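The primary structure of each chain is shown beneath.
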Amino acid sequence: MSNPFAWIAEPLDPNEPAKKFFNLNKLGDVRYGRLPFSIRVLLESAIRNCDEFLVKKEDVENILNWNVMQHKSVEVPFNPARVILQDLTGVPAVVDFAAMRDAVKKLGGDPEKINPICPADLVIDHSIQVDFNRRSDSLQKNQELEFERNKERFEFLKWGSQAFQNMRIIPPGSGIVHQVNLEYLARVVFDQNGNYYPDSLVGTDSHTTMIDGLGVLGWGVGGIEAEAVMLGQPISMVLPEVIGYKLMGNPQPLVTSTDLVLTVTKHLRQVGVVGKFVEFFGPGVAQLSIADRATIANMCPEYGATAAFFPVDEVSIKYLTQTGRDEEKIKQIKNYLVAVGMFRDFSNSSQDPDFTQVIELDLHTVVPCCSGPKRPQDKVAVSEMKEDFETCLGAKQGFKGFQIAPNRHDERVKFVHNGCDFELTHGSVVIAAITSCTNTSNPSVMLGAGLLAKKAVDAGLTVKPYIKTSLSPGSGVVTYYLRESGVMPYLAQLGFDVVGYGCMTCIGNSGPLPEPVVEAITQADLVAVGVLSGNRNFEGRIHPNTRANYLASPPLVIAYAIAGTVRIDFEKEPLGVDAKGKKIFLKDIWPTRDEIQAIERQYVIPGMFKEVYQKIETVNESWNALDAPSDKLYTWNPKSTYIKSPPFFENLTLELQPPKSIVDAYVLLNLGDSVTTDHISPAGNIARNSPAARYLTNRGLTPREFNSYGSRRGNDAVMVRGTFANIRLSNKFISKQAPQTIHFPSGETLDVFDAAERYKQAGHSLIVLTGKEYGSGSSRDWAAKGPFLLGIKAILAESYERIHRSNLVGMGVIPLQYLPGEDAETLGLTGRERYTILIPEELAPRMKVQIKLDTGKTFQAIMRFDTDVELTYFHNGGILNYMIRKMTS
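Predicted model only: the values in this text are computed from it and were never measured. (Residues numbered from 1 in each chain as written. Predicted model: local features only at pLDDT ≥ 70, side-chain atom pairs only at ≥ 80, totals over all residues. Heavy atoms only, no water.)

> How should the pairing of strand S12 (residues 242-248) be read in this particular structure?
For a regular strand, the rule is simple: side chains alternate between the two faces of the sheet. Summarising burial for S12: five of the seven residues are buried, a large majority. Each parallel crossover has a hand, and for S12 linked through helix H8 (residues 257-271) to strand S13 (residues 277-281) it is right-handed. (Buried < 20%, exposed > 50% of the residue type's maximum accessible area, 1.4 Å probe, protein only. Helix = DSSP H or I, 4+ residues; strand = E, 2+ residues; numbered from the N terminus. Right-handed = clockwise from strand over helix to strand, strands pointing away.)

Rendered as structure tokens:
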């Protein structure tokens with residue numbers, strides 16, 4: 001059907017009548033001017049895509065009526081302009097696409113219908129590890145190992161880029177997906193198929209929100225949902241509330257963007273913004289560079305919002321010029337956004353739209369800080385770090401506690417490293433990493449780190465050689481300006497050589513620590529520390545031997561590396577002494593904002609961005625040399641341990657099956673609050689005593705060849721064995737942290753996979769009991785696929801992280817939620833009962849269902865299918881089954 005809003009389309013430039021835009025001002029509706037800028041993007045998409053089938057006039061009216069409808073859980077469709085993927089989530093997406101082509105062919109359809117309709121960019125950034133550091137050839141060695149370990153995966157991705165239309169692959173060694181997106185991939189405004197429209201996206205990584213800092217609306221979704229978008233499906237979403245976050249004042253001279261984002265993260269966690277948009281406004285926004293804004297937007301998942309939007313303003317336009325974008329396109333971008341009413345002047349309060357709620361922050365109140373030791377929202381002022389860590393040491397085991405006996409707090413362990421004597425104690429820094437697009441995209445903090453390194457070296461300060469230091473920039477531009485500004489040699493002298501272009505330490509690819517360090521930590525059960533400029537520090541994520549991990553700005557990472565401990569008060573204790581015996585304090589080497597801005601103006605220039613990005617798709621010779629098959633259907637290699645056809649579609653028929661109740665299910669795991677996707681489906685090392693290790697050993701691999709779980713997401717046999725395999729998993733059924741559970745029929749304590757297999761062989765269904773914020777952390781489709789393959793039919797939780805709930809729905813796993821005021825404790829659930837969940841034939845969004853226990857107890861829970869579309873997916877056994885049936889019919 002033709003678009004009922006076609007009448008508002010008009011040329012942007014009278015000299016180019018064929019290029020049109022939907023002029024929302026022509027609606028003549030006063031409500032449009034009151035909408036938050038982020039909601040205007042949703043409205044434009046709905047109007048442009050209105051076909052009275054997937055997108056209806058009623059949807060447009062609901063969005064226009066946001067002020068009323070935001071509180072009514074109304075469902076609206078959204079068609080993002082594009083999709084972005086990284087390789088850990090991208091490989092399983094391409095595997096699913098390949099398997100879907102096979103399934104469509106088997107059901108009698110045309111397999112080439114399975115093809116991205118929506119443009120997709122996949123950036124390979126999650127595979128490289130810090131195997132080598134503190135060497136002049138660390139970068140080369142790490143990249144060689146990356147290709148050695150991942151050749152098969154990379155060949156498969158190269159096949160995908162050739163077999164599927166509309167899919168572009170950015171090769172390894174190019175940078176981190178969100179920084180490459182910010183500096184290069186972002187269009188801000190699309191000029192396609194005769195239309196101008198706002199750039200927008202979803203991504204298979206929760207930190208996709210970083211692009212919101214440039215005024216491009218984007219957020220993370222599950223890999224499964226992203227695949228549906230790539231196939232042309234709109235996202236079905238509940239029209240969100242929008243929290244207005246008003247920034248005022250000026251930051252203090254010593255404060256960095258990292259300090260600001262950690263402050264915002266804690267603040268918004270306390271406010272409660274889960275499932276909501278946050279839109280920034282106020283005169284303080286104009287004080288922030290795009291890199292500053294992107295840092296704040298990047299950590300949106302850590303404060304729980306769906307998006308963290310900074311509308312486009314003059315600062316955004318200047319950034320596009322600085323990063324080498326085409327001048328003619330920049331002019332079109334501004335003209336379009338002004339014409340459509342989406343260009344912002346933060347100094348003009350008359351432009352301020354309506355918000356659900358307004359929260360304020362005075363930038364002058366922000367102080368230097370870190371976050372940790374186990375969660376990104378646990379902000380600690382740098383002035384309180386020493387005291388806070390020492391309190392955590394003795395506190396009860398938890399997010400802010402390690403339960404170390406008081407008489408052990410000053411325990412020291414001596415060890416020998418490279419022929420020299422050293423000692424470790426609680427709080428000793430063993431990893432110091434300048435890493436992650438959160439901060440490496442920001443020239444001010446990177447150059448600040450470089451200037452601090454120069455002053456430290458000039459003062460004679462050093463970093464102990466056993467500390468694993470590394471610098472992993474998010475793009476080649478960073479190396480370019482660090483080198484040109486002359487600070488790179490000083491960073492290298494302190495051990496911060498470039499070790500690779502990728503996420504690395506931030507996602508747990510920190511590589512091995514020196515063996516004597518590991519032995520010393522293990523011997524005394526020390527709480528050793530990692531300090532990193534990343535966005536996540538959940539327990540067990542960064543490295544198995546760093547129980548405490550702190551997020552910090554790049555300059556602070558270097559400062560703590562020099563100190564060698566977090567048990568230091570920088571205001572009162574020196575970092576060291578110079579050649580003359582003078583004490584050197586942190587304030588003596590901390591660069592001023594004027595110093596940083598002067599060097600940034602001189603060395604961060606458009607020519608650098610143009611030179612790096614014009615050759616980004618061809619510069620990697622190892623990638624160019626890869627030989628990939630050209631067939632449209634993938635030829636699966638039965639011997640492969642990386643790429644395997646998944647079993648999701650083996651029994652798929654064209655006919656729908658009615659939903660069935662879950663009868664007499666056992667509880668596989670009884671978990672607490674804040675179970676992250678790292679706990680459910682770890683991305684890091686494969687432990688040598690794990691079910692996945694046994695599988696790989698039986699296939700003839702040695703431990704050196706295991707690689708990481710993240711790198712093996714294209715093989716369901718490895719990933720199902722890695723489900724709930726995190727060594728820090730806390731299961732109430734057993735008395736210690738371990739990836740184990742009790743198999744109740746036998747009473748044996750087994751690895752989670754082995755227990756699930758026994759239940760499956762006996763024909764028993766499984767569920768999981770858990771607490772608040774289940775599935776928080778990284779967007780990870782295997783955190784839903786893995787439980788599905790273990791035989792888990794439902795999760796019963798107090799609350800869910802947004803993306804993870806969506807992923808469970810996408811796999812046909814039922815997300816159940818306790819009624820308000822109820823939980824396992826108030827209901828007296830032990831997890832040793834057997835559960836029957838009654839699923840009626842007629843289902844409605846968020847309906848209550850009856851749960852009966854074998855003890856005779858009965859209670860109700862909310863079935864968290866939030867929209868009719870999600871119920872459709874459930875009836876089909878998941879979103880991918882739905883798409884296959886749709887493409888075959």
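> I tried to follow the side chain of Asn881 on my own but got confused; where do I start?
Checked against the element boundaries, Asn881 lands in helix H32 (residues 879-888). Looking at Asn881, its side chain comes within polar contact range of the main-chain oxygen of Gly877, at 3.3 Å. In this view, Asn881 contacts Phe648, Phe649, Leu652 and Asn876; residues no more than four positions away in its chain are not counted. (Polar contact = N/O pair within 3.5 Å; in protein donor to acceptor, adjacent residues only side chain to side chain. Contact = heavy atoms within 4.5 Å.)

> Help me understand the environment of Ile568, please; the structure alone is not making it clear to me.
Relative to the elements of secondary structure, Ile568 occurs in the loop between helix H19 (554-563) and strand S24 (576-577). For Ile568, a relative accessible area of 5% puts it in the buried group. If sequence neighbours within four positions are ignored, Ile568 has contacts with Lys386, Tyr560, Ala563, Glu573 and Pro574.

> Could you clarify how one ought to interpret the sheet that holds strand S6 (residues 167-170) in this entry?
Within a sheet, neighbouring strands are paired by backbone hydrogen bonds and run either parallel or antiparallel to one another. Spatially, five strands are ordered S6-S5-S4-S9-S10 in an open sheet, and the strand pairing comes out parallel. Only two strands of the sheet have a single partner each, and these edge strands are S6 and strand S10 (217-220). For this sheet the average axis-to-axis angle between neighbouring strands, irrespective of direction, equals 20°. On the sheet, helix H4 (residues 87-106) packs against strand S4 (82-86), strand S5 (120-123) and S6 and is oriented at approximately 110° with respect to S4. (Pairing = 2+ DSSP bridges. Axes fitted to C-alpha atoms, helices over the stretch in contact; angles between N-to-C directions.)

> Looking at this structure, how should I read the packing of aromatic side chains?
Given two aromatic rings, their pairing is described by the distance between the two centres and the angle made by the two planes. Summed over the entire model, instances satisfying the criterion amount to 28 aromatic pairs. Ring plane angle 45° and centroid distance 6.2 Å describe the contact between Phe648 and Trp782, whose orientation is recorded as tilted. Placement of Phe648 in the loop between helix H23 (621-624) and strand S26 (662-670) and of Trp782 in helix H28 (residues 782-790) is noted, with a sequence separation of 134 residues between them. Phe648 gets classed as buried once you look at its relative accessible area, which sits at 11%. One aromatic cluster is present, formed by Phe97, Phe156, Trp159, Phe164, Tyr634 and Trp636 through successive ring pairs. Above the plane of the ring of Tyr197 lies Arg48, whose end atom (NZ or CZ) is 3.8 Å from the centre. It is Lys587 that lies over the ring of Phe585; its NZ or CZ is 5.8 Å from the centre. (Phe/Tyr/Trp six-rings, centres within 6.5 Å; stacked < 30°, edge-to-face > 60°. Lys NZ or Arg CZ within 6 Å of the ring centre and 35° of its normal.)

> It is not clear to me how the packing of helix H7 (residues 223-230) against H32 should be interpreted in this structure. Could you clarify?
When two helices pack together, you describe them by how their axes are tilted relative to each other and by the distance separating the axes. Where H7 contacts H32, the axes come no closer than 9 Å and their chain directions differ by 20°. What the angle tells us is that H7 and H32 run roughly parallel. Crossing of H7 over H32 shows left-handed handedness. The residues of H32 that touch H7, namely those facing Ile224, Glu225, Glu227 and Ala228, are Ile879, Leu880 and Met883. Looking at side-chain class alone, the contact of H7 with H32 contains five nonpolar, no polar and two charged residues. (Parallel < 35°, antiparallel > 145°, perpendicular 65-115°, else oblique. Left-handed = near helix turned anticlockwise from the far one by under 90°. Nonpolar A, V, L, I, M, F, W, Y, C, P; charged D, E, K, R; others polar.)

> What exactly am I supposed to notice about the state of the cysteines here?
Joining two cysteines, a disulfide is a covalent bond between their sulfur atoms. Within this structure, the stated rule accounts for zero disulfides. The closest cysteine sulfur to the non-disulfide-bonded Cys503 is located on Cys437, 6.2 Å from its own sulfur. (Disulfide = S-S within 2.5 Å.)

> Just to check I follow, could you spell out the sheet that holds strand S15 (residues 357-362) for this structure?
Spatially, four strands are ordered S14-S13-S12-S15 in an open sheet, and the strand pairing comes out parallel. Edge positions in the sheet fall to strand S14 (307-309) and S15, since each has one partner strand and no second. Neighbouring strand axes in the sheet, compared pairwise and without regard to direction, differ in orientation by 25° on average. Of the strand pairs in this sheet, S13 and S14 are connected by three bridges, and their pairing is parallel. Paired with Phe277 across the two strands is Ala307, which belongs to S14. Helix H1 (residues 37-48) contacts S12, S13 and S14 of the sheet and is inclined by roughly 125° relative to S13. Docked against the sheet, H8 engages S12, S13 and S15, running at close to 145° with respect to S15.

> Looking at this structure, how should I read H32?
Because each turn of an α-helix spans 3.6 residues, side chains separated by three or four positions end up pointing in the same direction. Judged by how many residues are buried, H32 sits mostly within the fold: nine of 10 residues are covered. Listed in full, the buried residues belonging to H32 are Ile879, Leu880, Asn881, Tyr882, Met883, Ile884, Arg885, Met887 and Thr888. Those residues of H32 hidden inside the fold are in contact with H4, H7, helix H29 (802-810) and helix H31 (868-875).

> I'm lost on the environment of Ser690 in this one. Help?
Within the secondary structure, Ser690 is located in the loop between helix H24 (677-680) and helix H25 (691-698). Residues Ser690 and Gln287, spaced 403 residues apart in sequence, show a C-alpha to C-alpha distance of 51 Å.

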